[in-house]
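# Coordinate inspection notes
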Amino acid sequence: MKHDLTTWDLSSDTATYLGQHPEQLSALAEAKALPPLPPGYVPEVIEVLFDDVPYLRSVGGALIFARDCLPDYQPGCVEYRLDDQLAFFQIGSEVVIDRLGGLALVQGRVA
């Protein structure tokens, strides 16, 4: 399926990056169409991926996987998955997907 990136209000650098990585477009378009996660939502599984490679995985609040990376490593993209849902995606300093808005402070602590 062809995605019209001009409607996403992205910088030319980000659009170029996505044009070079078309395998990510379907998942990004699907996540972009979803609402923010609900207030108070506490995920069971949290995953952080750099350049589509898992670097951290937490289950039930316990870190079960962590991959080392060089201190000066700057990933092309960063992705947060909560319970297998794409919740946040960033290319360089530009946020492409941010569904974390509903996860604001809950009873004085970050959910």
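The structure we're discussing is the one just above.
Definitions and limits used
Residues numbered from 1 in each chain as written. Predicted model: local features only at pLDDT ≥ 70, side-chain atom pairs only at ≥ 80, totals over all residues. Heavy atoms only, no water. Helix = DSSP H or I, 4+ residues; strand = E, 2+ residues; numbered from the N terminus. Buried < 20%, exposed > 50% of the residue type's maximum accessible area, 1.4 Å probe, protein only. Contact = heavy atoms within 4.5 Å. Phe/Tyr/Trp six-rings, centres within 6.5 Å; stacked < 30°, edge-to-face > 60°. Lys, Arg positive; Asp, Glu negative; His and termini not counted. Salt bridge = Lys/Arg side-chain N within 4 Å of Asp/Glu carboxyl O. Polar contact = N/O pair within 3.5 Å; in protein donor to acceptor, adjacent residues only side chain to side chain.

## Notes on the overall build of the chain
- Each helix and strand counted, the chain has two helices and eight strands in total.
- Along the chain, helices and strands appear, N-terminal first, in the series α-α-β-β-β-β-β-β-β-β.
- When each of the 111 residues of the chain is scored for burial, the buried share is 33%.
- The long-range share in the chain, meaning contacts at least 24 apart out of those at least 6 apart in sequence, stands at 48%.

## With respect to the packing of aromatic side chains
- In this structure the tally under the stated criterion is four aromatic pairs.
- For the pair Phe50 and Tyr55, a centre-to-centre distance of 4.7 Å together with 35° between the ring planes defines the contact as tilted. With respect to class, Phe50 is no different from Tyr55; both count as buried.
- Judged by centre distance (5.5 Å) and plane angle (80°), the rings of Tyr80 and Phe88 are edge-to-face.
- Classification of Phe88 as buried rests on a relative accessible area of 11%.

## Some points on the side chain of Arg99
- With respect to the element layout, Arg99 can be found in the loop between strand E6 (94–98) and strand E7 (105–106).
- It turns out Arg99 is buried and unbridged, and the closest side chain with the opposite charge, Glu30, is 8.2 Å from it.
- A polar atom in the side chain of Arg99 sits 2.9 Å from the backbone oxygen of Pro35.
- Excluding anything up to four places from it in sequence, Arg99 contacts Ala31, Leu34, Pro35, Pro36, Leu37, Gln85, Leu86 and Ala87.

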